[in-house]
Amino acid sequence: LQTYKSAWPAGMNMTGEASDGIRLDDIDRRIVYALMRDARNTSAAEIAADVSVSGATVRNRIARLEEHGIIEGYHPTIDFERADDLLLNLFLCHVQFDEIERIAAQVGTIPSVIAVRELLGGQTNLHVLVVGEDTGDLRRIGQELSKFGVEIKDEFLVQRQIRFPYTPFGPSHEQREEPLTDFI
């Protein structure tokens, strides 16, 4: 397992604010990996068997990860085209950096917006994922974005979105000599 050191001082996040995050151990990482792989169809007992701890330990660890904001939710992936013949569109936008949080929150009030991603720099520092009925509807959504001071740099119809678990949190390809130990 390769580790990367943060570019920010200890106890600080990338925006210079105090970080209330916790350090994950191997058990936490394996739990997060299992949930990223398939949270809906994976039980605490299955994760426990894979990680060599009790189901209660897994449930307690998940609760702690949720409490600390590491696990922020469990979200289904929807195929809108299959569901109602709707279009999924990604707007690549630019907003003034000092306004990005405020504008991202405003953009989230548009009913067709399903995701907003804030980036730390570049000409497309705000990505907005929307669902529309047709190209006219997508044009209307683009006009609504513009009302909030968003400059649309580019846009794409999304054919498919695939999610993957973060592999470094998964099981090692090498056989472990000892089971993981739970020290809380």
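Above this text sits the structure in question.
Caption draft 1: Geometry of empty space enclosed by the protein. For the structure on display, the rule yields 1 cavity of 30 Å³ or more. Size it by volume and the largest cavity reaches roughly 40 Å³. Considering the residues around the largest cavity, the lining is formed by Arg30, Tyr33, Ala34, Arg37, Asp50 and Pro171. A per-element tally of the lining of the largest cavity places helix α1 (residues 26-38) first, with 4 residues. Residue composition of the lining of the largest cavity, grouped by class: 3 nonpolar, no polar and 3 charged.

Caption draft 2: Structural view of the side chain of Thr42. Relative to the elements of secondary structure, Thr42 occurs in the loop between α1 and α2 (44-51). In this structure the side chain of Thr42 is engaged in a polar contact, spanning 2.6 Å, whose partner is the backbone oxygen of Asp38. Dropping the residues within four chain positions of it, Thr42 is found in contact with Ala34 and Ile47.

Caption draft 3: Structural context of the pattern of salt bridges. Within this structure, the stated rule accounts for 9 salt bridges. Arg61 is the salt-bridge partner of Asp25, the closest N and O atoms lying 2.8 Å from each other. Linking Asp25 in the segment before α1 with Arg61 in helix α3 (residues 55-67), this pair joins segments that are 36 residues apart in sequence. By relative accessible area, which is 1% here, Arg61 ends up buried. With a closest N to O distance of 2.1 Å, Glu144 and Arg140 form a salt bridge. In this pair, Glu144 and Arg140 are both assigned in helix α6 (residues 135-147), 4 residues apart and thus about one turn of the helix distant. Overlapping salt bridges, with partners in common, bring together Asp25, Asp28, Arg61 and Arg64 in one network.

Basis of the calculations
- Residues numbered from 1 in each chain as written.
- Predicted model: local features only at pLDDT ≥ 70, side-chain atom pairs only at ≥ 80, totals over all residues.
- Heavy atoms only, no water.
- 1 Å grid on protein atoms, 1.4 Å probe; cavity = no way out; pocket = protein on both sides within 12 Å on 5 of 7 lines; lining within 4 Å.
- Points joined across faces, edges and corners; volume = space filled by probe spheres on them.
- Helix = DSSP H or I, 4+ residues; strand = E, 2+ residues; numbered from the N terminus.
- Nonpolar A, V, L, I, M, F, W, Y, C, P; charged D, E, K, R; others polar.
- Polar contact = N/O pair within 3.5 Å; in protein donor to acceptor, adjacent residues only side chain to side chain.
- Contact = heavy atoms within 4.5 Å.
- Salt bridge = Lys/Arg side-chain N within 4 Å of Asp/Glu carboxyl O.
- Buried < 20%, exposed > 50% of the residue type's maximum accessible area, 1.4 Å probe, protein only.

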